[in-house]
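Each chain is listed here by its residues.
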Amino acid sequence: MGKRVRLMETVLRDGHQSLLATRMRIGQMVPVLGQLDEIGYEALECWGGATYDSCLRFLNEDPWERLRTLKAGLKNTPLQMLLRGQNLLGYKHYADDVVEAFCKAAVRNGIDRIRIFDALNDPRNMEKAIQYSKAAGAHVQSAMVYTISPVHTTENFLKVAETLVEMGTDSLCIKDMSGLMAPADAYDMVSTFKKRFGDNLDIDLHSHFTTGLASATYWEAAKAGVDIIDTAISPFAHATSQPATETMIEMFKGTEFDTGMDLDKFIPLVDHFRKVKQEIAEEFNLKPASDVIPAVRRYQIPGGMLSNTQNQLNEMGMGDRFFDVMDEMPRVREDLGFPPLVTPTSQIVGTMAMMNVMMGERYKMVPNEVKDLVRGKYGSLPAQVSDEIRQTIIGDEQPITCRPADLIAPEMEGYRQDLATKGYNNITDDDVLTYAMFPEVAINFFEANRR
Ligand code: CO
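What you are looking at is a predicted structure, and each value in this text was computed from that prediction instead of being measured.

Each value, and the rule that gives it
Residues numbered from 1 in each chain as written. Predicted model: local features only at pLDDT ≥ 70, side-chain atom pairs only at ≥ 80, totals over all residues. Heavy atoms only, no water. Donors = N, O, S within 2.8 Å, 3.2 Å for Na, K, Ca; no water. Buried < 20%, exposed > 50% of the residue type's maximum accessible area, 1.4 Å probe, protein only. Helix = DSSP H or I, 4+ residues; strand = E, 2+ residues; numbered from the N terminus. Pairing = 2+ DSSP bridges. 1 Å grid on protein atoms, 1.4 Å probe; cavity = no way out; pocket = protein on both sides within 12 Å on 5 of 7 lines; lining within 4 Å. Points joined across faces, edges and corners; volume = space filled by probe spheres on them. Nonpolar A, V, L, I, M, F, W, Y, C, P; charged D, E, K, R; others polar. Expected span 1.5 Å × (residues − 1). Contact = heavy atoms within 4.5 Å. Arc of directions from axis to C-beta. Polar contact = N/O pair within 3.5 Å; in protein donor to acceptor, adjacent residues only side chain to side chain.

Peer 1: Provide a residue-level description of the coordination of the cobalt ion, including the pertinent values.
Peer 2: The protein atoms that coordinate the cobalt ion are Asp14 (OD), His206 (NE2) and His208 (NE2), at distances of 2.1 Å. We note that the donor set of the cobalt ion lies within a single chain, spaced as D-x191-H-x1-H. When its relative accessible area of 0% is taken as the criterion, His206 is described as buried. Of the residues examined, His208 reaches a relative accessible area of 5% and is grouped as buried.

Listed below in structure tokens is the structure:
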């Protein structure tokens, strides 16, 4: 029954994104790529997520060049990236031609596996990215964001999973970005999935240590037949990052799930990344998170949101209203159809809750993003919004029911022309995509590096 568990390493992406604001430089990765490549990981997550933005905005690195450098140093291990479906690596829906160009460029520059998710788990927002990534030759891993609500039952997750499998996904990931999943839930969900899909479809569990549950959750997932778990080398593990790679190897050692990995190989890697962590913390004056926050499960909001909300309220001189906002958050989330709280829905729900408390009257002022969520512009919500709430927020407007990107005309040529008018001619698709993701940041980057 039991079988070897495979590990997906996140130190080059989620590890530093979670603990040190995504500030690891390529120069801090290159010296150990050869050693990482010899561990025998299922894959190395090393690109996408917030790294693209961070490269351009803070590190003066071309993300595409970073990717090519990573590829050159990793001959055996598949390179994995995280992609936000139709949002790609930006913060809005893109036209299909941009999605196609992006997936092609990612694979052409070295990506082997593309993990694709959507904040609302709306498969229509993932479909094109799945299709284009597969056409480009990548292994497609579709991810469902995990959250807790009356509508997020194992049964409903299974329905989403079935749609993603029909769309051609090669493996499935359960993405628990806030570390909410308890061990018993992992057992239930993974065994249900394994029963349904059998051994032809690998199940990967991605969790965060935020609440302190994740390593126990991984153990139960292994008992239920999980194929892959996501871990980070110890200096970049724990707190809001993944459980530590070496800890999980130790946990499974001598059991039916034994990873077969050699712990001695980690000694120089741990040494290296410990120094890197120190360097980043000093250079950017950052303090890596170290606490475990069990309250995240209680409030069911991402770890970063607890401290952000408190800080914002303090700045407005409303620090004493923190618990009022915390109580309002789940009510707003329910009103808005229980969206999982992940970028960008976490900010949308958080802002709305804060405004409701500040104004002393619910939905007196409603930000446009909240209206768009109700309008269906982000995709279909997990639960129906009541007529009353819809009326309050968008009046008599009818929400859209089509795939949001169906309303977006092709955009690549427009971005290219924009760049031409700014004096950038004969520019590669890679650069056009950089501009499409972050126009201002891209121009600043080009100015600083290409003139
Ligand atoms: Co993550």
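Peer 1: So what's going on with the pairing of strand S2 (residues 43-48)? Which residues, and what values?
Peer 2: Counting buried positions over the 6 residues of S2 gives 6, a clear majority of the element. In this sheet, S2 lies alongside strand S1 (residues 6-9) in parallel orientation, the contact comprising 2 bridges. Within S2, the position partnered with Glu9 by the bridge is Leu44.

Peer 1: Got a sec to walk through empty space enclosed by the protein? Specific residues and values, please.
Peer 2: Tallied over the full model, the rule gives 1 cavity of 30 Å³ or more. Roughly 90 Å³ of volume is contained in the largest cavity. Residue lining of the largest cavity: Arg84, Asn87, His93, Phe117, Asp118, Ala119, Leu120, Thr343, Pro344, Thr345 and Tyr378, and that is the complete set. When the residues that make up the lining of the largest cavity are grouped by side-chain class, the tally is 5 nonpolar, 4 polar and 2 charged.

Peer 1: Provide a residue-level description of unusual backbone geometry, including the pertinent values.
Peer 2: Cis geometry is found at the peptide bond from Thr343 to Pro344, where omega equals 0°. Relative to the helices and strands, Pro344 resides in the loop between helix H14 (322-335) and helix H15 (345-359). Residues other than glycine seldom take positive phi values, yet Ala21 does so here, at roughly 50°. One can find Ala21 in the loop between helix H1 (11-19) and helix H2 (33-37). For Phe338, which is not glycine, the phi dihedral falls at a positive 50°. By the element assignment, Phe338 lies in the loop between H14 and H15. When its relative accessible area of 13% is taken as the criterion, Phe338 is described as buried.

Peer 1: Explain helix H13 (residues 303-315) to me, and be specific about the residues and the numbers.
Peer 2: Taking 1.5 Å per residue as the helical rise, H13 with its 13 residues ought to reach 18 Å, and the 19 Å between its terminal C-alpha atoms agrees with that figure. Within H13 the residues assigned to the buried category are Gly303, Met305, Leu306, Thr309 and Leu313. Buried residues belonging to H13 abut helix H12 (295-299), H14 and H15. Among the residues trailing H13, Gly317 stands out with phi positive, at a value near 70°.

Peer 1: Before we move on, can you summarise helix H7 (residues 154-166) with the specific residues and values?
Peer 2: Residues spaced three or four apart along an α-helix point in a common direction, a consequence of the helix completing one turn every 3.6 residues. End to end, H7 covers 18 Å across 13 residues, agreeing with the expected 18 Å (1.5 Å per residue, within 8%). Of the positions making up H7, those classed as buried are Thr154, Phe157, Leu158, Val160, Ala161 and Leu164. Projected down its long axis, H7 carries its buried residues within an arc of 165°, all on one side. Those residues of H7 that are exposed and angled more than 90 degrees off the buried face are Glu155 and Glu166.

Peer 1: I'd like to hear about the environment of Arg403, residue by residue, with values.
Peer 2: By the element assignment, Arg403 lies in the loop between helix H17 (387-394) and helix H18 (412-421). With a relative accessible area of 8%, Arg403 lands in the buried category. Residues Arg403 and Arg124, spaced 279 residues apart in sequence, show a C-alpha to C-alpha distance of 6.0 Å. Discounting residues that sit within four places of it in the chain, Arg403 has contacts with Gln86, Asp96, Arg124 and Lys128. A polar atom in the side chain of Arg403 sits 2.6 Å from the side chain of Asp96.

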